Amino acid sequence: MKIRPVAWTRDGVRILDQTQLPQRETYIHCTRVSQVVRAIERLQVRGAPLIGITAAYAMALARPTPTALKKAAQSLIEARPTAINLSWAVKRVLEKTLNGGSALQEARAIHKEDAAMCEAIGRHGAALKAKRILTICNSGALATGGIGTAFGVVLRSKAELFACETRPLSQGARLTMWEAKKWKRKAQLIVDGAAATTMKNQNIDLVITGADRIARNGDTANKIGTLGLALMAKEFKIPFYIAAPSTTFDPSCKTGKEIPIEERDPTEISPHFPAYNPAFDITPAKLITGFVTEKGIFPAGKVALDAQRLPK
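Structure report, in brief. (Residues numbered from 1 in each chain as written. Predicted model: local features only at pLDDT ≥ 70, side-chain atom pairs only at ≥ 80, totals over all residues. Heavy atoms only, no water.)

## Here's the deal with the pattern of salt bridges
By the definition in use, this model includes nine salt bridges. Where K182 meets E25, a salt bridge forms, and the shortest distance between an N and an O atom there is 3.1 Å. With a gap of 157 residues between them, K182 in helix α7 (residues 171–182) and E25 in the loop between β2 (13–16) and β3 (27–30) connect regions that are remote in the sequence. Residue classification places K182 among the partly exposed residues on the basis of a relative accessible area of 32%. (Salt bridge = Lys/Arg side-chain N within 4 Å of Asp/Glu carboxyl O. Helix = DSSP H or I, 4+ residues; strand = E, 2+ residues; numbered from the N terminus. Buried < 20%, exposed > 50% of the residue type's maximum accessible area, 1.4 Å probe, protein only.)

## Structural notes on the sheet that holds strand β8 (residues 213–214)
Strands in a sheet are paired, the pairing made by backbone hydrogen bonds, and the direction either parallel or antiparallel. The three strands lie next to each other as β8-β9-β11, forming an open sheet whose pairing is antiparallel. Sheet topology places β8 and β11 (280–283) at the edges, where each strand pairs with a single neighbour. Where β8 meets strand β9 (residues 220–223), two bridges bridge the pair, whose relative direction is antiparallel. When the bridges of β9 are listed, R213 appears paired with A221. Of the strands in this sheet, β9 and β11 touch helix α9 (residues 226–235), which is tilted by about 35° from β11. (Pairing = 2+ DSSP bridges. Contact = heavy atoms within 4.5 Å. Axes fitted to C-alpha atoms, helices over the stretch in contact; angles between N-to-C directions.)

## Description of the nonpolar core
Counting 37 residues, the largest nonpolar core has V13, V36, I40, Y57, M59 and L76 as the members making the most contacts within it. Listing elements by their share of this core, those giving two or more residues are β1 (6–8), β2, α1 (33–41), α2 (48–59), α3 (66–79), α4 (84–98) and α5 (103–126). Broken down by element, the residue count for this core peaks at nine residues, all from α2. In contact with L76, not counting residues within four places along its chain, are V33, V36, V37, I40, A55, A58, M59, L86 and V90. If you look at the next biggest cluster of nonpolar residues, it comprises 23 residues, including C164, V207, I214 and F249. (Core = buried A, V, L, I, M, F, W, Y, C linked by side-chain atoms within 4.5 Å.)

## What to know about α2
In this model α2 runs 17 Å from its N-terminal to its C-terminal C-alpha over twelve residues, within 8% of the 16 Å that 1.5 Å per residue would give. Among the twelve residues in α2, twelve count as buried, and that is most of the element. Among all positions of α2, only A48, P49, L50, I51, G52, I53, T54, A55, A56, Y57, A58 and M59 are buried. On its buried face, α2 sits against β1, β2, α1, α3, α4 and α5. (Expected span 1.5 Å × (residues − 1).)

## Structural notes on the packing of aromatic side chains
Using the criterion set out here, one finds two aromatic pairs in the structure. Their ring planes at 25° and their centres at 6.2 Å tell us that W8 and Y57 sit as a pair that is stacked. Of the two residues, W8 sits in strand β1 while Y57 sits in helix α2, which places them 49 residues apart along the sequence. Each member of the pair, W8 as well as Y57, is classed as buried. In this structure, K223 packs its charged tip against the face of F280, placed 5.1 Å from the ring centre. (Phe/Tyr/Trp six-rings, centres within 6.5 Å; stacked < 30°, edge-to-face > 60°. Lys NZ or Arg CZ within 6 Å of the ring centre and 35° of its normal.)

## Brief notes about the sheet that holds strand β13 (residues 296–299)
Ordered in space as β6-β5-β4-β7-β10-β12-β13, the seven strands form an open sheet in which the pairing is mixed. Looking at the sheet topology across the chains shown, the edges are occupied by β6 (187–190) and β13. Shown here is a sheet whose adjacent strand axes are inclined to one another by a mean of 25°, direction ignored. In terms of strand pairing, strand β10 (residues 240–243) meets strand β12 (residues 290–293) through three bridges, oriented parallel. Each bridged residue has a counterpart across the sheet, and for I242 the counterpart in β12 is F291. Along the sheet, α7 makes contact with β5 (160–164) and β6, crossing β6 at roughly 175°.

## Details of the pairing of β13
Two faces make up the sheet, and in a regular strand the side chains alternate between them. Residues G296 and F298 line the buried face of β13, whereas the alternating positions I297 and P299 sit on a face that is not buried. Note: β12 against β13, four bridges, orientation antiparallel. Residue pairing for β13: G290 is matched across the bridge by P299. Between β12 and β13, which pair antiparallel and follow one another directly, the connecting turn spans two residues.

## Looking at the packing of α1 against α3
For any two helices packed against each other, the geometry is given by the interaxial angle and the distance between the axes. In the contact formed by α1 and α3, the axes pass within 9 Å of each other and the chain directions differ by 10°. In terms of axis orientation, α1 runs roughly parallel to α3. On the side of α1, the interface is formed by V33, V36, V37, I40 and E41, while α3 contributes A72, S75, L76 and A79. Class assignment of the residues belonging to the contact of α1 with α3 gives a composition of seven nonpolar, one polar and one charged. (Parallel < 35°, antiparallel > 145°, perpendicular 65-115°, else oblique. Nonpolar A, V, L, I, M, F, W, Y, C, P; charged D, E, K, R; others polar.)

Printed below as a string of structure tokens:
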């Protein structure tokens, strides 16, 4: 089974419109950088590694002049500021093209590398031997260049999945459950407010999520609600892991306080009343048991010590 949410075509970027899932599998075709920026902003394509890959392909749509490339890079980076993978991928392609290389070739390399990292993350995570896993949001093929990060661990562990719906946009209910069905993986959907009761009553032996940016000390930005899961897992003495490729680590960011948190349109919560709508929260390293990366599993404390060495 192969899910291909992003692909390069003859003259542009083909994107599976995730806002239409699970009802319809429809695609948009982008031939201009501005169209890719809009797709990223509208969450038609999402997930930290995947928006990095998509933005890398978008750089191949820009006119091959230094001014045009730099302008394209800036607009793409500004589309979603929390996820470090986006700026990392864009800057890598920009540097390559300014030095005479091919943007498309570099984008394809980034895509291939991420798929390999996902496989390694899934393999390392399977060593945790979890049978019943709880997660939030979507961290599978719809968020990465391969089988996923936290979802990849679920697949390679052959574990039963409990997926939080992930309000306000229901990315767990719509996307993770859609992927679980595609993979014929045993999965149950829970409302976000049922996470604590599920941990208590359903023999959950691992809570694992993806990440959008990991600071040098191990503080982690991920979908809103992740911090709550970490606090609950601590209460119920359940291991809480973050699964992420090395590209999600940001050595330039000392702590979670330096990670920009996007606030989205309040009408996503309510069209009638004022609303506070942060897209992400910060889980402090002290609540994280460890990090599953393509290089292995690292305790949270060790990530802090090895932050300059582990990511790159």
